[in-house]
Amino acid sequence: MQASAFAVEAKSGSTSTLQNSRILQGTGDSGKKSLAFASSDLRMTKRKNCFGLGLSSASMGVRGSIHSVFGSSAKARSVRAQASGGDFEDVSPSKIQVKSSGTVFPYVGVACLGAILFGYHLGVVNGALEYLAKDLGIAENTVLQGWVVSTLLAGATVGSFTGGSLADKFGRTKTFLLDAIPLVVGAFLCVTAQSVETMIIGRLLAGIGIGISSAIVPLYISEISPTEIRGTLGSVNQLFICVGILAALVAGLPLAGNPLWWRTMFAFALVPSVLLALGMAFSPESPRWLYQQGKISEAEVSIKRLFGKERVAEVISDLDAAAQGSAEPEAGWFDLFSSRYWKVVSVGASLFLFQQLAGINAVVYYSTSVFRSAGITSDVAASALVGAANVFGTTIASSLMDKQGRKSLLLTSFAGMAASMLLLSLTFTWPALAPYSGTLAVLGTVLYVLSFSLGAGPVPALLLPEIFASRIRAKAVALSLGMHWISNFVIGLYFLSVVNKFGISTVYLGFASVSSGSNVYSWQRCGNEGAIVGGDRTCSQPSYLRYSSEAL
């Protein structure tokens, strides 16, 4: 489904070392050359990979041992690499890259419009909910307000499960064109809605659109990007999602002076939707997809546009090697629950579940309402500040991911989220803090979002291609993202009702408890990595060696 990554594993006695070991593997170019290396001193160049909500870069030198799944990464080609469940795959060997005369940046920019729409539709309801509820006559009905929020997520669940299949059947660019239909129609219905039923249908269609985008934006970017900058370009997906959320929050600033401005806010989503369709009509198809369809001549034309004619032979050779890399057929759905794969699949699904149950999207959807209840007059502006913190934290995380490692960022992130939610809970509970409730509410929320964006946000998506074998990857990723959207839907639907019944302090205390439990889970599973990828390694080691199995 997307560019993948795998841990290389070798054992000597009971330790994970490569001493006195030798790996012999065909280069994948002609099958006549071989790669032999002793691992007493193995050093490789940093690389990034892209998947889902955004991946980050890696670079390292490894001497003597292979490290953990939550550390940094490195990339080489055509090495016999082992992923979860003992699956071995061939990946291509490193080679000197020929400088490209083509350019991919305009096409990556067009694809990122899908990421912006993803974030915008998630965040637009934050400031607009109160005003559209009054306009549509549901101001006193928190259940219907919850449906306005969460119907988007129900649609996104459907879209995330179907996006990959559509992209495989019709191609990446044609799927983008199809995706523009629910995005445009959904936004139009939201703008013109005179009843809550029309608004819910519009949100459902927009949700289907962003669900499809969540599957195909990172896929398309990873497949059209040159190997030397693929990770850098891939990481912008997560950044532009955050930019979309921030744009939605900033768009709500005029609401206080113009209660009908909420319709204009939804109208803004029409612009990138139309631009996405127009841009993809002139964008090259993924060379990898064309190659898989047997359209070699069309793939060569696409490669010329993206990378330049001097790299056609190299990229086609890489595609040849990748096509021969999988040793087993694709797994079925029930294989995910077998003893061979369930432990690794459960990690991906659980991290996404904890990510949502820790309350991040409750903050994204309802921070304006919470700030208003805390007595903050500039509630929409405060939410915009939260969105800015999200963008800032995501930018910082991309630089820390490989320096600090996955485990340390996850633990720091969940700990910060728990502390922030505890602060917010106390803010609405302790009378002594009442005079400072507004300031503390904003401070706690900003710290929470900042903590989330440093680890709990990017790391789960980053781990998926690193820990899933290729034969289960498509379905395991779909299952994990499905868990993300389903839990997101439940939070969006019931948050206001639960707050009305138990109080915001109790709900925030619950989020703090989930964050603390997530921290314990991450520590335990990372401390026994053998339960994750079948290795004999521990996450106390600082880094993790992985190999990408696909050139595109």
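These lines cover the structure that appears in this document, whether it is placed above or below. This one's a predicted model, so the numbers in the text were calculated from it and none came from an experiment.

## Quick notes on the layout of surface pockets
In this structure, the second largest pocket spans a volume of roughly 350 Å³. Together, 16 residues line the second largest pocket, and Gln-145, Ser-369, Arg-372, Leu-496 and Asn-500 are the ones closest to its centre. Contributing elements (two or more residues each) for the lining of the second largest pocket: α1 (105-135), α2 (142-170), α13 (360-373) and α18 (470-502). Considering only residue class, the lining of the second largest pocket consists of eight nonpolar, five polar and three charged.

## Focus on α1
End to end, α1 covers 42 Å across 31 residues, agreeing with the expected 45 Å (1.5 Å per residue, within 8%). The largest bend in α1 amounts to roughly 65° and is located at Ala-128. Most of α1 sits inside the fold, with 24 of its 31 residues counted as buried. Remark: Gly-137 follows α1 within two positions and exhibits a positive phi of approximately 75°.

## A look at the pattern of salt bridges
If you walk through the whole model with that rule in mind, you get six salt bridges. The closest approach of N and O atoms between Arg-263 and Asp-135, which form a salt bridge, is 3.2 Å. Of this pair, Arg-263 sits in helix α7 (residues 261-268) while Asp-135 sits in helix α1, and the two are 128 residues apart along the sequence. Residue Arg-311 is joined to Glu-314 by a salt bridge in which the shortest nitrogen-to-oxygen separation is 3.3 Å. We classify Arg-311 as buried; its relative accessible area is 2%. Exposure remark for Glu-314: the relative accessible area of 11% places this residue in the buried category. Among the ionic contacts, a cluster of salt bridges with common partners joins Asp-168, Arg-172, Glu-223 and Arg-288.

Cut-offs applied
Residues numbered from 1 in each chain as written. Predicted model: local features only at pLDDT ≥ 70, side-chain atom pairs only at ≥ 80, totals over all residues. Heavy atoms only, no water. 1 Å grid on protein atoms, 1.4 Å probe; cavity = no way out; pocket = protein on both sides within 12 Å on 5 of 7 lines; lining within 4 Å. Points joined across faces, edges and corners; volume = space filled by probe spheres on them. Helix = DSSP H or I, 4+ residues; strand = E, 2+ residues; numbered from the N terminus. Nonpolar A, V, L, I, M, F, W, Y, C, P; charged D, E, K, R; others polar. Expected span 1.5 Å × (residues − 1). Bend = angle between axes of the 7 residues up to and from the residue. Buried < 20%, exposed > 50% of the residue type's maximum accessible area, 1.4 Å probe, protein only. Salt bridge = Lys/Arg side-chain N within 4 Å of Asp/Glu carboxyl O.

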